2 protein chains.
Amino acid sequence: MNDGPDFKGEKPNRTTLRHVATLAGVSEISVSRVMRNAPNISDKLRSKVMEAANALSYTPNRVAGALKNQSSNLVAVVLPSMNNDVFAAVLDGIESELNEHGLHSVLGLSQYDHDRELQVIRELLSWSPMGIIMTGLHHTAPIPEMIAQLDIPVVQIMDIEGTPIGSAVGISHSKAAVAAADHLYGKGYRKIGYIGAWNERPERSRARRIAFEGRLAELGAPLVASMIVDERSSAVAGSRTTADLLAQHPDIDCIFYANDDLAMGGLFHAMSANIDVPGDLGLMGFNGIEIGKATPLPLSSIQTPRFEMGQEAARLLLSAKTDGHRVVDLSFQVFEGKTA
Amino acid sequence: MNDGPDFKGEKPNRTTLRHVATLAGVSEISVSRVMRNAPNISDKLRSKVMEAANALSYTPNRVAGALKNQSSNLVAVVLPSMNNDVFAAVLDGIESELNEHGLHSVLGLSQYDHDRELQVIRELLSWSPMGIIMTGLHHTAPIPEMIAQLDIPVVQIMDIEGTPIGSAVGISHSKAAVAAADHLYGKGYRKIGYIGAWNERPERSRARRIAFEGRLAELGAPLVASMIVDERSSAVAGSRTTADLLAQHPDIDCIFYANDDLAMGGLFHAMSANIDVPGDLGLMGFNGIEIGKATPLPLSSIQTPRFEMGQEAARLLLSAKTDGHRVVDLSFQVFEGKTA
DNA sequence: CATCCGATTGGTATCGTTGTCAATTGAATT
DNA sequence: AATTCAATTGACAACGATACCAATCGGATG
């Protein structure tokens, strides 16, 4: 294409160490060291290099660095979906902590599909991230091995009931469910129902339902009915499902929901249908989302530390080298709203 | 030149092209070609290579590829914050489209800070992304130049009123505000107020307020008052601020909010205070979030295509090479709720 | 059967940075 | 002034994949 052989040298390539080194009259490796704040650099050298680097507005090429180092300033973050308040908050927490250390997330969404998760993780690992944060404790076979090969820290988030690959941070979902059951029982409800959605994705919601059901049985007020719909969680779905459940089981005096979106829908249904909450019907959600606290009757819920979970996950990742594997049980709280 | 087999071979390094090539009895470059589905590969070679690659569960090292190619399968995504439904939905849209093409997002959050944005973009660009998606049309000086140097496509999202660097996708915020004004005026409201938060971040909300105010003036029903609080948008803030605004201006018969979170708070306040909505007080939000549609009185709002915006941004990025710079005006819609 | 041409396959250099180890400097010591 | 040793600085070879160009193969052609 080009007749002049070294015509290519002309193309406005990114400025590299070499350019800075040439301008500063030093070696490339010295520039590299200055840029990385390596020890044992004379002030004279440093200032020469910095001057040249600024003049050329040089930015190190992370790709080359990562290749040489077999590691980067990227963190692989694998979440099921972004279609969900919860994970947005978690990601926010992760980013807030990572950013303070000059790290960045490479995102992978599994869409609640194990095959997809595997593929996504494989792709993300091919970027030599310095660590990986993933959701839940259950992962298909080759995943732990793949991560072990790279020898990078892993943090699993959301759940701590099981065997983590590396570190983990989350809450005990079964304890949270028990707390919810105790709370509702304590309020005097005896005919309690449960509403979930989207075939209990994420899986953790199933663990909660089962623990909830178990606890109610222990208390002698067994779950009256549970209704799990196929569609995604939303207030609209929660509203309709609540109506359906109450129609089928008029004796129900309280409903525990898989999440606050559904519960908000339930609350709105009750408002529309002039049902006395919490008198005739108690409602309890899960997560403690912000908007639930602004309703005329604040939504009773289990408050989960989503942002903090992300933050802590990032911290665990950063401290893994020195502190090793740790499991952090972030506490949830029963949010005493006025709906149950 | 290895008398003793590689000492280094001992360390449990990632499997590389070389390992696959050796096992398959072919050259490295051939393996590379097979992995990339290059043309002119015999079926025999392909199957030999695939077999070996599977046996070793080889994954190409993207870092090395990116270094050689000066380009990667990463897309830099720069958003102001994740603390916001809106950007989570946008990111979801971006990911949904990118994932279909084997691309991944590297995330950068500017936290609404221009210096931070600059720094984040610089860092992300050092990963040789194949493109960059960023928020808004206003960016501090060196940013366009930095991107131009890499010669990668840019897509700016959210806003289309201004001069994009490359492609852009969003809505006309001033038109949306005019539509809101027209809607409210059409419903008969004449004493209209405005509530915003967090010092009008993102900037687009200011553009809306100004256009809204301008339109109302044109219509002969000038804005009665606007109240912009310092704290982050939330239903709680919206509720309190609504109470404050109504206390200061009892004659207000309608409020337009910077977003649905605030508006939901307003609606909840009205419910608690037994204000007749939409009779005595009209309420209109902005964005059309899902939960607003489940309230007993569905929240009137301007429906914005957030997920689609992300999707379209990714599409624009992918088609930039063939289609060049484009500006896509995604339409908003007046969502006719029952609060105004 | 020799020749030719396109289809395949391989060798080599290179992307930009950094670890390793060698070379140099310069101040402190005897 | 000679010697010593730590502090600096530099040369070189990787990291793993791929572009470029050369070499080889196979079948069609005359």
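Up top is the structure.
Report follows, based on the coordinates. As the structure is a computational prediction, the values presented were derived from the model and not from experiment. (Residues numbered from 1 in each chain as written. Chains lettered and ligands numbered in written order. Predicted model: local features only at pLDDT ≥ 70, side-chain atom pairs only at ≥ 80, totals over all residues. Heavy atoms only, no water.)

What follows concerns the overall build of chain A. Each helix and strand counted, chain A has 12 helices and 12 strands in total. Whereas a compact globule of 340 residues would reach a radius of gyration of roughly 20 Å, chain A reaches 26 Å, over 25% beyond that. Counting only C-alpha atoms, chain A reaches 85 × 40 × 35 Å along its principal axes. Split into buried and exposed, the 340 residues of chain A put 56% on the buried side. By sequence separation, contacts in chain A at least 24 residues apart represent 68% of the contacts at least 6 residues apart. (Helix = DSSP H or I, 4+ residues; strand = E, 2+ residues; numbered from the N terminus. Rg over C-alpha atoms; globule rule 2.2 N^0.38 Å. Buried < 20%, exposed > 50% of the residue type's maximum accessible area, 1.4 Å probe, protein only. Contact = heavy atoms within 4.5 Å.)

Next up on the list: the relation of the copies chain B and chain A. Once turned by 180° and shifted 0.0 Å along the axis, chain B lies on chain A with an RMSD of 0.1 Å. Considering both components of the superposition, the chain copies are consistent with a two-fold axis. Ranked by how close their C-alpha atoms come to the rotation axis, the residues of chain B are headed by Val-106 of chain B, at 2.3 Å. Counting the interface residues of chain B, we find that 100% of their copies in chain A are interface residues as well, pointing to one common contact surface. (Least-squares fit on C-alpha atoms with pLDDT ≥ 70 in both.)

Moving on, we get to the pattern of salt bridges. Residue and element names in this part refer to chain A. According to the stated counting rule, one finds 20 salt bridges over all chains in the structure shown. Among the salt bridges present, the one from Glu-28 reaches Arg-18, with a minimum N-O distance of 3.1 Å. Of this pair, Glu-28 sits in helix H2 (residues 28–35) while Arg-18 sits in helix H1 (residues 17–24), placing them 10 residues apart in sequence. On the basis of relative accessible area, Glu-28 is assigned to the partly exposed category, the value being 35%. For the salt bridge of Asp-182 with Arg-215, the shortest nitrogen-to-oxygen distance reads 2.7 Å. Taken together, the residues span a long stretch of sequence, with Asp-182 in helix H8 (residues 173–186) and Arg-215 in helix H9 (residues 204–219) at a distance of 33 residues. With relative accessibility at 31%, the residue Asp-182 sits in the partly exposed group. Within the structure, one salt-bridge network assembled from shared partners comprises Glu-200, Arg-206, Arg-209 and Glu-213. (Salt bridge = Lys/Arg side-chain N within 4 Å of Asp/Glu carboxyl O.)

We now examine the sheet that holds strand E9 (residues 282–284) of chain B. Residues and elements named next belong to chain B. Within the open sheet, the four strands sit side by side as E7-E6-E8-E9. Their pairing is parallel. Where the open sheet ends on each side, the last strands, each with one partner, are strand E7 (225–228) and E9. Taking each pair of neighbouring strands and ignoring which way they run, the sheet shows an average axis angle of 15°. Across the sheet, helix H9 (residues 203–219) is in contact with strand E6 (192–196), E7 and strand E8 (254–257); its angle to E6 comes to roughly 175°. (Pairing = 2+ DSSP bridges. Axes fitted to C-alpha atoms, helices over the stretch in contact; angles between N-to-C directions.)

Let's shift gears to the protein's contact with DNA strand D. The local shell around DNA strand D holds 26 residues, among which Ser-30 and Arg-33 of chain A together with Leu-17, Ser-32 and Tyr-58 of chain B are the closest. The contact in question runs from a phosphate oxygen of DNA strand D to an N or O atom on the side chain of Ser-27 of chain A, over 3.1 Å. Measuring from a phosphate oxygen of DNA strand D, one finds a side-chain N or O atom of Ser-42 of chain A at 2.6 Å. Among the elements of the structure, H2 and helix H4 (62–69) of chain A together with helix H2 (28–35) and helix H4 (62–69) of chain B are those that each provide at least two residues to the surface near DNA strand D. (Near = heavy atom within 4 Å. Polar contact = N/O pair within 3.5 Å; in protein donor to acceptor, adjacent residues only side chain to side chain.)

With that out of the way, let us pick up the packing of helix H1 (residues 17–24) of chain B against helix H3 (residues 43–55) of chain B. Residue and element names in this part refer to chain B. Viewed as axis vectors pointing N to C, H1 and H3 meet at an angle of 125°, and their least axial separation amounts to 9 Å. Comparing their axes, H3 and H1 come out oblique. The crossing of H1 and H3 is right-handed. Judged by residue contacts, Val-20, Leu-23 and Ala-24 of H1 engage Lys-48, Val-49, Ala-52, Ala-53 and Ala-55 from H3. The class makeup of the residues in the contact of H1 with H3 is seven nonpolar, no polar and one charged. (Parallel < 35°, antiparallel > 145°, perpendicular 65-115°, else oblique. Left-handed = near helix turned anticlockwise from the far one by under 90°. Nonpolar A, V, L, I, M, F, W, Y, C, P; charged D, E, K, R; others polar.)

The next point concerns the environment of Ser-301 of chain B. Residues and elements named next belong to chain B. Of note, Ser-301 is situated in strand E10 (residues 301–303). Through-space distance from the C-alpha of Ser-301 to that of Thr-339 is 8.9 Å; in sequence the pair is 38 residues apart. When residues no more than four places from it in sequence are discounted, the contact partners of Ser-301 are Asp-260, Met-284, Gly-285, Phe-286, Asn-287, Gly-288, Gln-333, Val-334 and Phe-335. Among the polar contacts made by the side chain of Ser-301, one reaches the main-chain amide nitrogen of Gly-288 at a distance of 3.1 Å.

Moving on: the protein's contact with DNA strand C. Surrounding DNA strand C, one finds 25 residues, the nearest of these being Leu-17, Ser-32 and Tyr-58 of chain A together with Ser-30 and Ser-42 of chain B. For DNA strand C, the backbone portion of the atoms within 4 Å of the protein, that is sugar and phosphate, comes to 68%. Within the contact set of DNA strand C, a phosphate oxygen lies 2.4 Å away from a side-chain nitrogen or oxygen of Ser-32 of chain A. One of the side-chain N or O atoms of Arg-36 of chain A is found 2.9 Å from a phosphate oxygen in DNA strand C.

A separate point is the sheet that holds strand E9 (residues 282–284) of chain A. Hydrogen bonds along the backbone pair up the strands of a sheet, which may run parallel or antiparallel. All names here are of chain A. Ordered in space as E7-E6-E8-E9, the four strands form an open sheet in which the pairing is parallel. Of all strands in the sheet, those bounded by a partner on one side alone are strand E7 (225–228) and E9. Adjacent strand axes in the sheet meet at a mean angle of 15° when their direction is disregarded. The pairing of strand E8 (residues 254–257) with E9 spans three bridges and is classified as parallel. Note on E9: the bridge partner recorded for Cys-254 is Gly-282. Contacting strand E6 (192–196), E7 and E8, H9 runs over the sheet at an angle of about 175° to E6.

This is a description of form; function is not addressed.
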